[in-house]
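# Remarks on the overall topology
Listed below are the residues making up each chain.
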Amino acid sequence: MANSPAIVSLGEPLIEFNRPKEGDGRTWLQGFGGDSQNVAIAAARQGATTGYLTSIGLDWMGDAFLELWKAEGVDASRVTRHPTAPTGVSFVTHSAAGHKFDYLRKNSAASLMTPETLAADYIAGAKFFHLSAIGQAISESARLTCAAAIATARQAGVKVSYDTNLRLRLWELDQARQVIDATIAQCDIALPSLDDSQQLTGLTAPDSIVDYYLGLGAPLVALKMGAEGSLIATKERRTRVPPFKVEAVDATGAGDTFDGALLARLLAGDAPDVAARYANVAAALSTTGYGAVTPIPPADPVLAALKSA
């Protein structure tokens, strides 16, 4: 078995170009995105050991990601590089309705991942394995790779963490529902957001949504409700965790910060509701700057904010 970090994440990284609301409309801030890699960085900044599984291009963007992961302490030793396919790109714009994503990701290196190239031993050596519905939606081969990774984790007794992150530009709602429900049934920690879940389940009330996902078989559901905080539930108990109030400028990556912070604190031994209080604060602080990665807070400001809350 591989000498793996405690948290291993799988998915697609995206070079990010973010256009600030107060800018001239032509200036873009280059950063980093991709939900699964955001989770790895968020957990690493809280003190957990993390690693990432993906494929990136032989381009400046792939080079930039390798430099980022080295600086963040995210193990990239099992990341592969595709000889011809590019690293994916995302563009983030802002309006009164919130943030909007546009992508250049078709036939990206990550979308060409296959089960045959999966580092199964690396997953089997972890404590938590994390993925999202985006990784399943980018291509059929990526979806099969995710399925193989989940099977590997379950066979090895590794807890599976899953974010239902819904991107309807990548697949039809009916297919998304089918795949996401089937994955929830195989995961240990379900990390849906309220708006995604309302589309996926047709339900509106947070408690009803939590009941639905618990009914599919997830032992722990952490429903992210943005400015309303989060709802943490098992079959035995549920806790509404209040939000932490900040002056938000960009919610890009906030849910991913929640995921990474929650996993890091569960790994450290926190009870789910205690871990969620920490994750709420980390996610809120991440909205006070632009971009998915740059504003993710390390542990010290989160702990300080928790004391002041």
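Up top you'll find the structure we're talking about.
What this report covers is the structure whose coordinates are included nearby.

Cut-offs used in this document
Residues numbered from 1 in each chain as written. Predicted model: local features only at pLDDT ≥ 70, side-chain atom pairs only at ≥ 80, totals over all residues. Heavy atoms only, no water. Helix = DSSP H or I, 4+ residues; strand = E, 2+ residues; numbered from the N terminus. Expected span 1.5 Å × (residues − 1). Buried < 20%, exposed > 50% of the residue type's maximum accessible area, 1.4 Å probe, protein only. 1 Å grid on protein atoms, 1.4 Å probe; cavity = no way out; pocket = protein on both sides within 12 Å on 5 of 7 lines; lining within 4 Å. Points joined across faces, edges and corners; volume = space filled by probe spheres on them. Nonpolar A, V, L, I, M, F, W, Y, C, P; charged D, E, K, R; others polar. Phe/Tyr/Trp six-rings, centres within 6.5 Å; stacked < 30°, edge-to-face > 60°. Lys NZ or Arg CZ within 6 Å of the ring centre and 35° of its normal. Arc of directions from axis to C-beta. Contact = heavy atoms within 4.5 Å. Polar contact = N/O pair within 3.5 Å; in protein donor to acceptor, adjacent residues only side chain to side chain. Salt bridge = Lys/Arg side-chain N within 4 Å of Asp/Glu carboxyl O. Pairing = 2+ DSSP bridges.

### Structural notes on helix α9 (residues 254-267)
Taking 1.5 Å per residue as the helical rise, α9 with its 14 residues ought to reach 20 Å, and the 20 Å between its terminal C-alpha atoms agrees with that figure. Within α9, eleven of the 14 residues are buried, which leaves the element mostly enclosed by the surrounding structure. All of the buried residues along α9 are Ala254, Asp256, Thr257, Phe258, Asp259, Gly260, Ala261, Leu262, Leu263, Ala264 and Leu266. Directly after α9, the chain includes Gly269, whose backbone phi takes a positive value near 105°.

### Here's the deal with the layout of surface pockets
Estimates place the volume of the second largest pocket at around 210 Å³. Around the second largest pocket, the lining comprises 16 residues; the ones closest to its centre are Thr54, Ser55, Thr80, Met113 and Thr117. The dominant element in the lining of the second largest pocket, judged by the number of residues it contributes, is strand β7 (residues 80-82), at three residues. Taken together, the residues of the lining of the second largest pocket sort by class into seven nonpolar, seven polar and two charged.

### Description of the packing of aromatic side chains
One pass over the full model with this rule turns up seven aromatic pairs. When the ring of Phe17 is compared with that of Phe91, the centres are 5.7 Å apart and the planes differ by 20°; the resulting orientation is stacked. Linking Phe17 in strand β2 (residues 14-18) with Phe91 in strand β8 (residues 88-95), this pair joins segments that are 74 residues apart in sequence. Under the relative-accessibility criterion, Phe91 is labelled partly exposed at 25%. Members of the aromatic cluster, connected to one another through ring pairs, are Phe32, Tyr52, Phe65 and Trp69. Geometry around Tyr278 places Arg265 over its ring, the cationic atom sitting 5.6 Å from the centre.

### Some thoughts on helix α7 (residues 194-201)
Because each turn of an α-helix spans 3.6 residues, side chains separated by three or four positions end up pointing in the same direction. All of the buried residues in α7 are Leu194, Asp196, Ser197, Leu200 and Thr201. On an axial view of α7, the arc spanned by its buried residues comes to 155°, and they lie on one face. Buried residues along α7 sit against α6 (173-184), α8 (206-216) and β13 (220-224). Immediately beyond the C-terminal end of α7, within one or two residues, lies Gly202, with a positive phi of roughly 80°.

### Considerations on the side chain of Ser139
Tracing the chain through its elements places Ser139 in the loop between α4 (133-137) and α5 (140-156). For Ser139, a relative accessible area of 16% puts it in the buried group. Side chain to side chain, Ser139 and Ser141 meet in a polar contact 3.3 Å long.

### Regarding the pattern of salt bridges
Within this structure, the stated rule accounts for 16 salt bridges. Salt-bridge contacts for Arg143 lead to Glu140; the nearest nitrogen and oxygen are separated by 2.7 Å. Note that Arg143 and Glu140 are positioned in helix α5 at a spacing of three residues, about one turn of the helix. With a relative accessible area of 15%, Arg143 lands in the buried category.

### A word on the sheet that holds strand β14 (residues 230-233)
Spatially, β6-β4-β1-β10-β11-β12-β13-β14-β15 is the arrangement adopted by the nine strands of the open sheet, whose pairing is mixed. At either margin of the open sheet sits one strand with a lone partner, and together these are β6 (74-75) and β15 (238-241). Pairing of strand β1 (residues 7-10) with strand β4 (residues 50-53), which is carried by four bridges, proceeds in the parallel orientation. Bridge pairing in β4 links Leu10 to Leu53.

### Notes on the pairing of strand β9 (residues 98-104)
In terms of strand pairing, β8 meets β9 through seven bridges, oriented antiparallel. Counted as the bridge partner of His94 is His99 from β9. In sequence, β8 turns back onto β9 through a hairpin of two residues.

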